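# Working through the structure, step by step
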Amino acid sequence: MANVNKLKNKINNNTNFGEKIKDVVMNNIVTIIFVVLCLIGIKLSGLPIFFVANELVTRISRNSFLVLALIIPVLAGMGLNFSIVVGAMAGQIAIIAVTHWGITGLPGFLLCAVIAFPFAVLFGYLTGKLLNKTKGQEMITSMIVGYFANGVYQLVFLFLVGTIIPMKNNVLMLSSGVGIRNTIDLSGGVKETGIKYALDQILKLPIFYVLIAFSILAILYNIFKLTNRRGIVNRREKQNKSKDSFKYIVNMSMFAILLILSIVIVAGNTPLKNIQLPVVTVIVIGVLCLFNILIVKTKLGQEFRTVGQDKHIAKVAGINVDRIRVLAIVISTVLAAWGQLIFLQNIGTLNTYGSHEQIGMFSIAALLIGGASVSKATVGQAILGTALFHTLFIVSPLAGKNLFGDAQIGEFFRAFVVYGVIGVSLGLHAWKNRAELKRKLKIE
Amino acid sequence: MDRSIRELMNHLGLPRIIIILFFISICIMAVFLGLPTDMLTNQVLVRIGMNGVLVLAMVPAILSGTGPNFGLPLGVICGLLGTLISIEMNLTGFPGFFAAIIISIPFAVIVGWVYGLLLNKVKGSEMMIATYTGFSVVFLMSIGWIIMPFKSPEMVWPIGKGLRVTISLGERFAEVLNKLWHIDAIIPGFGELKIPTGLLVFFFILCTIVWLFLRSKSGLALKTAGDNPKFAIASGINVDNNRIIGTVLSTVLGAIGIIVYTQSYGFIQLYQAPLMVAFPAVAAILIGGASAQKAHVSHVILGVFLFQGLLTIALPVASSIMSEGNISEALRMIVQNGIILYALTKVIGGE
């Protein structure tokens with residue numbers, strides 16, 4: 001696999017610049033199509049840019065964590081983990097418990113995270129075990145696991161709570177004393193009852209001021225890296241040096257553009273400058289991004305990658321393949337549980353039997369729109385995908401209404417896109433795999 | 001004796017044994033709770049006929065090697081389209097019913113053919129791709145239901161655009177099959193037995209056709225292509241073509257299946273209704289004893305009886321034990337998806 005990539009790179013270097021551009025376009029065709037779709041959608045919807053941007057900031061901070069939870073199973077070659085739904089259920093179990101005990105605000109949120117952890121580990125372990133029995137069909141299995149777990153979840157919270165599991169709470173439970181209500185308010189009117197905005201409200205700053213500070217820091221970091229490379233004597237690193245310098249300069253100029261843009265917006269006194277950024281939530285997301293990037297550099301991360309590339313070689317190399325795969329799912333499930341907590345503390349209402357259902361699909365669609373595939377996903381793709389996906393979400397009903405005179409068409413189109421993009425990327429992946437397999441057989 | 005029981009247990013698998021025992025215990029409970037057994041029996045009979053053809057649609061797909069047809073919504077949508085056109089043509093009764101079937105078949109053949117080509121490109125991940133193809137087509141057609149130029153006032157919204165979400169077939173061909181040769185017998189000690197003979201006969205005729213087809217030359221080729229593709233190639237059978245034939249057959253049966261279903265249900269359900277239609281059908285055939293690679297017509301009959309019987313009887317039993325909520329819905333999800341998961345663990349290959 002690595003050799004093939006090297007060969008590809010060599011070929012790419014030899015071909016001319018035009019070919020290269022074509023390659024880049026073809027490799028990112030999904031993302032490009034969605035950028036165009038989003039731009040058309042924004043134009044058609046006629047929504048004020050302030051509204052779209054504000055909504056987008058909220059939605060990105062709300063959903064990114066869940067999308068990022070998908071990356072490690074992809075790394076481990078298990079495809080897109082539809083069973084993050086199960087993780088979301090673990091998060092909701094914790095929320096129901098904590099709301100029942102009446103612990104609110106940040107302590108409640110942290111307690112939720114602690115309680116969700118063992119549940120998520122257990123669920124992830126079981127899912128992982130099952131996925132080891134269905135190698136090659138992980139995605140459909142994880143999807144059905146989600147449906148199956150949903151049935152068990154309903155059974156527990158509709159019928160066992162109050163009968164087998166002792167619980168008494170007039171607010172949370174149905175009037176008969178058995179089962180949890182359909183919706184649980186996490187904020188409550190005058191008196192706080194839940195964990196709404198527990199994380200978001202800690203610190204809120206205008207986003208463009210944050211961006212200015214961030215881009216200045218980033219530029220300084222890049223300058224530091226660039227100047228600090230002088231003393232390298234290692235021959236191999238010297239070869240990479242010019243390439244690296246180029247990378248740093250590109251990064252720097254991009255941040256410079258961001259900086260100028262932010263300054264223009266702040267100085268221009270547009271309404272955009274009032275958009276608030278939930279700083280702590282974004283920091284938590286940033287930490288997860290770093291975790292996903294750094295784990296690749298550890299031994300465990302390398303084992304994930306080896307298993308992902310070739311299970312047989314991994315086995316020969318002495319890696320316990322099944323254990324690594326279970327671990328990947330456990331990590332993903334735990335992250336999904338926490339991601340669901342972040343999601344719900346922003347939404348403010350727990351839809352007991354519905355909040356988790358769509359999580360897997362929406363997160364996966366977002367990741368794929370960002371340009372990821374079944375076998376490769378990066379942090380950048382996750383964030384970009386979330387942004388594009390939610391832009392489409394915000395604008396499509398109004399765009400549909402303005403274009404066809406019916407908001408429903410926009411909504412159906414949106415759903416079609418969600419399912420379609422998953423179907424198409426899965427199809428393309430399977431098709432590429434087959435083509436490669438055929439080529440290999442021919443060579444042999 | 002002991003050994004043969006163990007063999008039978010192994011052959012059935014734990015989930016199936018649990019489901020069968022569960023079914024039996026629910027039947028016993030229904031009797032003890034004093035539920036009207038005659039009504040339940042009648043309902044089970046109707047639901048076997050209603051859902052049977054949709055389950056039958058799984059057989060050619062599984063046998064041709066594409067796995068359980070999770071893309072059943074494609075066929076269902078063709079069937080719905082046929083029904084709508086039949087109503088638009090202002091047909092009623094049997095002509096309406098058969099016109100719906102005849103109109104939907106060409107659509108289903110074309111859709112199934114294209115879908116078969118797609119499935120040939122993605123060998124090894126058919127189930128996942130099929131699921132998402134089905135899902136996305138349901139939403140694409142949701143747009144279609146809004147913008148299609150149907151005129152019949154029974155079908156379109158009086159104000160606004162598009163077709164209604166549910167369309168009544170009461171004036172058209174609701175229950176034409178159910179009422180055909182309908183037997184009404186009062187059996188002492190049991191109650192009133194109503195047998196929807198026409199519906200069941202129609203289902204069994206289709207079963208027989210599929211059964212006969214599988215014994216014909218092309219049916220054998222289809223089975224060989226699915227069972228052992230390498231051997232099939234060696235014997236000069238075109239595997240890809242046979243997979244397409246299996247998919248087309250499955251799609252056509254799906255189209256007929258939904259028409260049978262709607263005539264018995266009395267309403268056409270559009271928009272998101274066909275979204276999850278494949279899962280109960282897949283679960284039913286798996287409960288009947290099929291796997292992702294092997295299926296018989298007998299599995300269809302046994303499976304649809306067990307699964308639909310379970311669902312029909314569990315509902316009143318559950319609600320007489322617990323008044324609140326809909327426990328049978330949760331049970332349906334667990335049984336349905338549990339059996340699919342079990343079948344997935346038995347899929348060979350992958351590594």
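Just so it is clear, the structure is predicted and the values come from calculations on it, not from any experiment. (Residues numbered from 1 in each chain as written. Chains lettered and ligands numbered in written order. Predicted model: local features only at pLDDT ≥ 70, side-chain atom pairs only at ≥ 80, totals over all residues.)

## Considering the overall build of chain A
Filter applied, for reference: The helix count covers DSSP runs of H or I at least four residues long, the strand count covers runs of E at least two residues long, and both are numbered beginning at the N terminus. For this measure, only C-alpha atoms enter the radius of gyration; the expected value for a globule follows 2.2 Å times N^0.38, where N is the number of residues. Burial is judged by counting the other C-beta atoms within 10 Å of a residue's own C-beta: 20 or more makes it buried, 12 or fewer makes it exposed, and any count in between marks it as partly exposed, with every C-beta position built from the backbone.
On a plain count of helices and strands, chain A comes out with 17 helices and four strands. Computed over its C-alpha atoms, the radius of gyration of chain A comes to 24 Å, within 12% of the 22 Å expected for a compact globule of 444 residues. The principal-axis extent of the C-alpha atoms belonging to chain A is close to 75 × 60 × 50 Å. The proportion of buried residues among the 444 residues of chain A is 43%.

## As for the overall build of chain B
Just so we agree on the cut-off: Whether two residues are in contact is decided by their C-beta atoms, placed from the backbone, lying within 7 Å.
Across its full length, chain B holds 15 helices and four strands. Dimensions of chain B, computed from the C-alpha atoms along their principal axes, are close to 60 × 55 × 35 Å. Looking at chain B residue by residue over its 351 residues, the buried ones come to 50%. Restricting the contact set of chain B to residue pairs at least 6 apart, pairs at least 24 apart contribute 75%.

## Description of the interface of chain A and chain B
Across the boundary between the two partners, chain A contributes 41 residues, which contact 37 residues of chain B. Among the elements that take part in the side of chain A that touches chain B, helix H17 (residues 407-443) of chain A stands out by supplying 15 residues, more than any other.

## Quick look at the confidence of the model for chain B
Residues and elements named next belong to chain B. Threshold: Along the chain, pLDDT gives the predictor's confidence residue by residue, from 0 to 100.
Looking at chain B, the pLDDT average stands at 86 and 97% of residues meet or exceed 70. Mean pLDDT across the secondary structure elements of chain B bottoms out at helix H1 (residues 2-12), with 75, and peaks at helix H12 (residues 239-265), with 92. Both confidence scores are given for the complex: pTM 0.85, ipTM 0.85.

## A short note on helix H12 (residues 299-309) of chain A
All names here are of chain A. Definition in use: This arc describes the spread of directions from the helix axis toward the C-beta atoms.
Along H12, the residues that are buried comprise Glu303, Phe304, Val307 and Gly308. Buried positions in H12, seen along its axis, are confined to an arc of 135° and lie on one side of it. Buried residues in H12 make contact with helix H5 (71-75), helix H13 (311-316) and helix H14 (321-347).

## Some words on helix H9 (residues 197-215) of chain B
Residues and elements named next belong to chain B. The test is simple: To estimate the expected span of a helix, count its residues, drop one, and scale the result by 1.5 Å.
Its 19 residues give H9 an end-to-end C-alpha distance of 27 Å, which sits within 8% of 27 Å, the value for a rise of 1.5 Å per residue. Along H9, the positions that sit buried rather than exposed are Leu199, Phe202, Phe203, Leu206 and Val210. The buried side chains of H9 occupy one side of the element, clustering within an arc of 95° when seen end-on. For H9, the exposed residues set more than 90 degrees away from the buried face come down to Ile205, Thr208, Leu212 and Arg215. Those residues of H9 that are buried are in contact with helix H3 (37-56), helix H4 (58-63), helix H8 (176-179), H12 and helix H14 (297-321).

## Remarks on unusual backbone geometry
Residues and elements named next belong to chain B. Even without a glycine there, the phi angle at Asn90 is positive, about 65°. Secondary-structure assignment places Asn90 in the loop between helix H5 (72-88) and helix H6 (93-121). With a phi close to 55°, Tyr271 is a non-glycine residue in the positive phi region. Considering the arrangement of structural elements, one finds Tyr271 in the loop between strand E4 (267-269) and helix H13 (278-287).

## Considerations on the pairing of strand E3 (residues 191-195) of chain B
Two faces, one strand: in a regular strand the side chains alternate between the faces of the sheet. Residues and elements named next belong to chain B. For the record, the criterion: For two strands to pair, DSSP has to find at least two bridges joining them.
One ladder, built from five bridges, connects strand E2 (residues 183-187) with E3; its direction is antiparallel. Counted as the bridge partner of Ile183 is Ile195 from E3. The turn linking E2 back onto E3 is made up of three residues, and Gly189 within it adopts a positive phi angle of 85°.

## Details of the packing of H13 of chain B against H14 of chain B
Residue and element names in this part refer to chain B. Applied cut-off: Lines are fitted to the C-alpha atoms to define the axes, a helix being fitted only along its stretch in contact, and any angle between axes, read from their N-to-C directions, falls within 0 to 180 degrees. These descriptions rest on fixed angle ranges, namely under 35 degrees for roughly parallel, over 145 for roughly antiparallel, 65 to 115 for roughly perpendicular, and the rest for oblique. Should the near helix be turned counterclockwise from the far one by less than a right angle, the crossing is left-handed, whereas a clockwise turn marks it as right-handed.
Look at H13 against H14: their axes get within 7 Å of each other, and the N-to-C directions meet at 110°. What the angle tells us is that H13 and H14 run roughly perpendicular. Classified by chirality, the crossing of H14 by H13 is right-handed. Facing H13, whose interface residues are Ala283, Ala284, Ile285, Leu286 and Ile287, H14 presents His299, Val300, Gly303, Val304, Leu306 and Phe307.

## As for the environment of Pro274 of chain B
With respect to the helices and strands, Pro274 of chain B occurs in the loop between E4 and H13. Residues in contact with Pro274 of chain B, not counting those within four places in the same chain, are Pro73, Val76, Ile77 and Val138 of chain B.

## Some points on the packing of helix H2 (residues 14-32) of chain B against H14 of chain B
Residue and element names in this part refer to chain B. Spelled out, the test is: As a working rule, the residues Ala, Val, Leu, Ile, Met, Phe, Trp, Tyr, Cys and Pro are called nonpolar, Asp, Glu, Lys and Arg charged, and the rest polar, with Gly in that last group.
One can describe the packing of H2 onto H14 by two numbers: an axis separation of 9 Å at closest approach and a directional angle of 40°. Comparing the axis directions of H2 and H14 gives the class oblique. Between H2 and H14 lies a crossing whose hand is left-handed. The segment H2 lies against H14, with Ile19, Ile20, Phe22, Phe23, Ile26, Cys27, Met29 and Ala30 engaging Leu306, Gly309, Leu310, Ile313, Ala314 and Val317. Across the contact of H2 with H14, the residue classes break down as 13 nonpolar, one polar and no charged.

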